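# Breakdown of the fold
Residue-level listing of the chains:
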Amino acid sequence: MKRRHRRLTAFGLGTGVMIAAVAGGSQAAFAVDPDDLESRVTVEGVMTHLTALQTIADANDGNRAIGTSGYEASGQYIEQVLTAAGYTPVRQDFQATTQKIDAFSITLLGTTTDLTTPQPQRIPMEGTPATDAAGIVGAPLVAPATATGCDEAEWGGVSAVGAVAVISRGICSFAEKSAAAAAAGASAALIYNNEEGPLQGTLGEQVPGLVPTVGLTQAEGAAVVAALGSATPPTVDLQLQETTTTVDTFNIIAETPTGNSTNTVMLGAHLDSVPEGPGINDNGSGSAAILETAVQLAASGPLNNQVRFAWWGAEEVGLVGSAHYVEDLAENNPAELEEIATYLNFDMVASPNYVISVYDADQSTFEAPVEVPEGSIATEQAFTDYFDASGQAWIDTAFDSRSDYDAFISYGVPASGLFTGADEVKTPEQVALFGGTAGITQDPNYHSAGDNLGNVNQEALGIMLGAIASVTGSLANDTSAINGVVTAPVPTPTPTPTVAPAGTGPVDPQLAATGAADGAASGTIAGSVLMLGLGLVLAVRRRRAQGASAE
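Notes on the structure in this doc start here.

Each value, and the rule that gives it
- Residues numbered from 1 in each chain as written.
- Predicted model: local features only at pLDDT ≥ 70, side-chain atom pairs only at ≥ 80, totals over all residues.
- Heavy atoms only, no water.
- Helix = DSSP H or I, 4+ residues; strand = E, 2+ residues; numbered from the N terminus.
- Buried < 20%, exposed > 50% of the residue type's maximum accessible area, 1.4 Å probe, protein only.
- Areas by Shrake-Rupley, 256 points an atom, 1.4 Å probe, with all protein chains shown as cover.
- Salt bridge = Lys/Arg side-chain N within 4 Å of Asp/Glu carboxyl O.
- Phe/Tyr/Trp six-rings, centres within 6.5 Å; stacked < 30°, edge-to-face > 60°.
- Lys NZ or Arg CZ within 6 Å of the ring centre and 35° of its normal.
- Pairing = 2+ DSSP bridges.
- Right-handed = clockwise from strand over helix to strand, strands pointing away.
- Contact = heavy atoms within 4.5 Å.
- Disulfide = S-S within 2.5 Å.
- Lys, Arg positive; Asp, Glu negative; His and termini not counted.
- Polar contact = N/O pair within 3.5 Å; in protein donor to acceptor, adjacent residues only side chain to side chain.
- Axes fitted to C-alpha atoms, helices over the stretch in contact; angles between N-to-C directions.
- Parallel < 35°, antiparallel > 145°, perpendicular 65-115°, else oblique.
- Left-handed = near helix turned anticlockwise from the far one by under 90°.
- Nonpolar A, V, L, I, M, F, W, Y, C, P; charged D, E, K, R; others polar.
- Core = buried A, V, L, I, M, F, W, Y, C linked by side-chain atoms within 4.5 Å.
- Expected span 1.5 Å × (residues − 1).

### Some details on the overall build of the chain
- Of the regular secondary structure elements, the chain holds 17 helices and 14 strands.
- Here the chain holds 551 residues, and 58% of them are scored as buried.
- Surface accessibility of the chain: about 20700 Å² in total, with carbon and sulfur atoms responsible for 54%.

### Remarks on the pattern of salt bridges
- One pass over the full model with this rule turns up 10 salt bridges.
- Between Arg122 and Glu220 there is a salt bridge; the shortest N-O distance is 2.5 Å. With a gap of 98 residues between them, Arg122 in the loop between strand 2 (111-114) and strand 3 (123-124) and Glu220 in helix 7 (residues 218-227) connect regions that are remote in the sequence.
- Measuring nitrogen to oxygen at the nearest pair gives 2.8 Å for the salt bridge that ties Arg308 to Glu255. Residue Arg308 is located in strand 10 (residues 305-312), and its partner Glu255 is located in strand 8 (residues 235-255); the two are separated by 53 residues in the primary sequence.
- The buried category is assigned to Arg308, whose relative accessible area is 4%.

### Quick word on the packing of aromatic side chains
- Here the structure, examined in full by the defined rule, presents 14 aromatic pairs.
- With a centroid separation of 6.4 Å and an interplanar angle of 50°, the aromatic rings of Trp312 and Tyr343 are classed as tilted. With Trp312 in strand 10 and Tyr343 in strand 11 (residues 340-346), this residue pair connects regions lying 31 residues apart in the sequence. Pair check on accessibility: Trp312 and Tyr343 agree, each one buried.
- Between the NZ or CZ atom of Arg91 and the centre of the ring of Phe250, over which it lies, the distance is 3.9 Å.
- Between the NZ or CZ atom of Lys426 and the centre of the ring of Tyr354, over which it lies, the distance is 5.4 Å.

### Structural notes on the pairing of strand 10
- Counting buried positions along strand 10 gives eight out of eight residues, so the element sits mostly inside the fold.
- Burial along strand 10 is two-sided: the face carrying Asn305, Val307, Phe309 and Trp311 and the face carrying Gln306, Arg308, Ala310 and Trp312 are both buried.
- The pairing of strand 9 (residues 260-270) with strand 10 spans seven bridges and is parallel. Paired with Asn260 across the bridge in strand 10 is Asn305.
- You can see the chain leave strand 9, run along helix 8 (residues 280-297) and come back into strand 10, and the turn it takes is right-handed.

### With respect to the environment of Ile252
- Within the element layout of this structure, Ile252 appears in strand 8.
- Residue classification places Ile252 among the buried residues on the basis of a relative accessible area of 0%.
- Not counting residues up to four positions away in its chain, the partners in contact with Ile252 are Gly75, Ile78, Glu79, Leu82, Pro89, Val90, Arg91, Leu271, Phe309, Ala310 and Trp311.

### Points about the pairing of strand 9
- With respect to burial, strand 9 is a largely interior element, eight of its 11 residues being buried.
- One ladder, built from five bridges, connects strand 9 with strand 11; its direction is parallel. Across the sheet, the residue bridging to Thr264 is Ile340, located in strand 11.

### As for the environment of Pro140
- For Pro140, the position within the fold is in strand 4 (residues 136-142).
- Taking relative accessible area as the criterion, Pro140 reaches 40% and is therefore assigned partly exposed.
- Once you skip the residues sitting within four places of it in the chain, Pro140 turns out to touch Gly162, Ala163, Val164, Pro234 and Thr235.

### Points about the state of the cysteines
- Within the structure shown, the criterion is met by one disulfide.
- The partner cysteine of Cys150 in its disulfide is Cys172, sulfur to sulfur 2.1 Å. The chirality of the disulfide connecting Cys150 with Cys172 is left-handed, given an S-S dihedral of about -95°. Here Cys172 lies in the loop between strand 5 (164-168) and helix 6 (174-183) and Cys150 lies in the loop between strand 4 and helix 5 (152-155), a separation of 22 residues in the sequence.
- In this structure Cys172 comes out as buried when scored by relative accessible area, which is 10%.

### Notes on the side chain of Arg64
- By the element assignment, Arg64 lies in the loop between helix 3 (43-58) and helix 4 (69-84).
- No salt bridge is formed by the buried Arg64; the nearest opposite charge belongs to Asp451, separated by 7.2 Å.
- Here Gly279 takes part through its backbone oxygen, which lies 3.0 Å from a polar atom of the side chain of Arg64.

### Quick look at the packing of helix 8 against helix 14 (residues 458-477)
- Direction vectors running N to C along helix 8 and helix 14 enclose 45°, while the axes themselves pass 10 Å from each other. It follows from the interaxial angle that helix 8 and helix 14 lie oblique. Between helix 8 and helix 14 lies a crossing whose hand is right-handed. The residues of helix 14 that touch helix 8, namely those facing Ala289, Thr293 and Leu297, are Leu465, Ile468 and Thr472.
- Residue composition of the contact of helix 8 with helix 14, by class: four nonpolar, two polar and no charged.

### Some details on the nonpolar core
- If you look at the biggest cluster of nonpolar residues, it comprises 74 residues, and the most contacted ones within it are Trp311 and Phe387.
- With 11 residues, the top contributor of residues to this core is helix 14.
- Setting aside anything within four residues of it in sequence, one finds Trp311 in contact with Ile78, Leu82, Asn251, Ile252, Ala254, Ala269, Leu271, Ser287, Ile290 and Leu291.
- Listed in part, the 26 residues of the second largest apolar core include Trp312, Leu329, Ile340 and Phe399.

### Thoughts on helix 11 (residues 376-389)
- If you check helix 11, its first and last C-alpha atoms are 20 Å apart, about what 14 residues at 1.5 Å a residue would give, namely 20 Å.
- Burial within helix 11 is extensive, with 12 of its 14 residues counted as buried.
- For helix 11, the complete set of buried residues consists of Ser376, Ala378, Thr379, Glu380, Gln381, Ala382, Phe383, Thr384, Asp385, Tyr386, Phe387 and Asp388.
- Directly after helix 11, the chain includes Gly391, whose backbone phi takes a positive value near 75°.

Pasting the structure below:
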């Protein structure tokens, strides 16, 4: 990936707003000072929230996956912190399907991978259907006419009847590839990566028309494709059995009480972990980052534009929570969907072997699998201009349907966001930009028990927090660079103090252990948050009172 440079512009300030501010000698156009908000959204504050999420996981079988007491306790923690900061969080209930792989074995190119293989390079995709009980034995392999195999046209008349498809990642979603392979007659699909490292993909909800689907590395995919034309083409054995369960779960939505509600800036991060670990980077880091941003934004006074925060459920089982939210709006309240000026996604912002990457809305490096909505390029530029202004290197990351921005861009909402890396192998070029270690993945603990508090990279977290806070503050002031909307500025605010980040104390052990949702347990969390934060609330008031008297 290449680094791009842009001339720094005064992003987020429409021309009319700039003229009014200068001519009138007023700062009314700046409802939020982005630099001030950035200074208050700190690594220390976010680490407080991450410590709480780790405590919850420790007390709940080591994870915070949907349908578990750990997820319920995580939700209660988010709600209590938001309530203490003056928000009114709302749960959006929905159902999702969880999956357990009961049996898995694949023999390909002379080697076998199964559930006992350490650090497997062949991985069943989340949401994959099963093979029949006997499995697939000695099946030939076939590739589509166009390597990415997204649809009938890309298969180009190639028949896969009685065979297993071998398809490259890229251009379209994994589910589309699986469905296209099924339509061509394939009994299963092997999708190989288009970059170094294993491929842990998600098909989403199980629907008719998919085939058992497994991810391969780029190198193995290339080897298989190269061998297809040989005198002894390879075959594959595949056994895959799984169990799916429907569970009740929820998103959490909270929005600022002030600001233009017809021009809403939205931030989102998924709250759930995988069952294998506590999910502190994936995605406690994004959840805690937007939580602390929400807490500190509440102390910034009245806003020009409303800011809405979302903690998504069931991302790890197919982006279900964010898709439910967007699809529900599209069906039942399309006007509100159109009122979202832009969506900012934060999924993994503290990876141990990090990169600093921005979702590639202008597709200068990666082609997106859907049409990227107008306004997304300006949203991307909000982040890249911030990094350029501070001399921070950055690279592109693809809109590849692997996180919660997917439903938004599919429904025409502008989007971008930040990402520090997951299962991609870090390159020497990336090491030159960001340090770290080449040849290993950007998060060696991805989807494992090692994704814990001790493996959070606080340097990466600090870099990303600066961008999150600054861009949020700028867009709360003005989104005209994205959608042309100029909201009438509010008067210079007198900020209302709120609970400071360090005031959020440890999660009550009894609640964390049980995930109880009764009022008494909820009250315990609220009491610990508010009592520990009381002194800091008073300190915030004294500080702001002193600042006002000095002006």
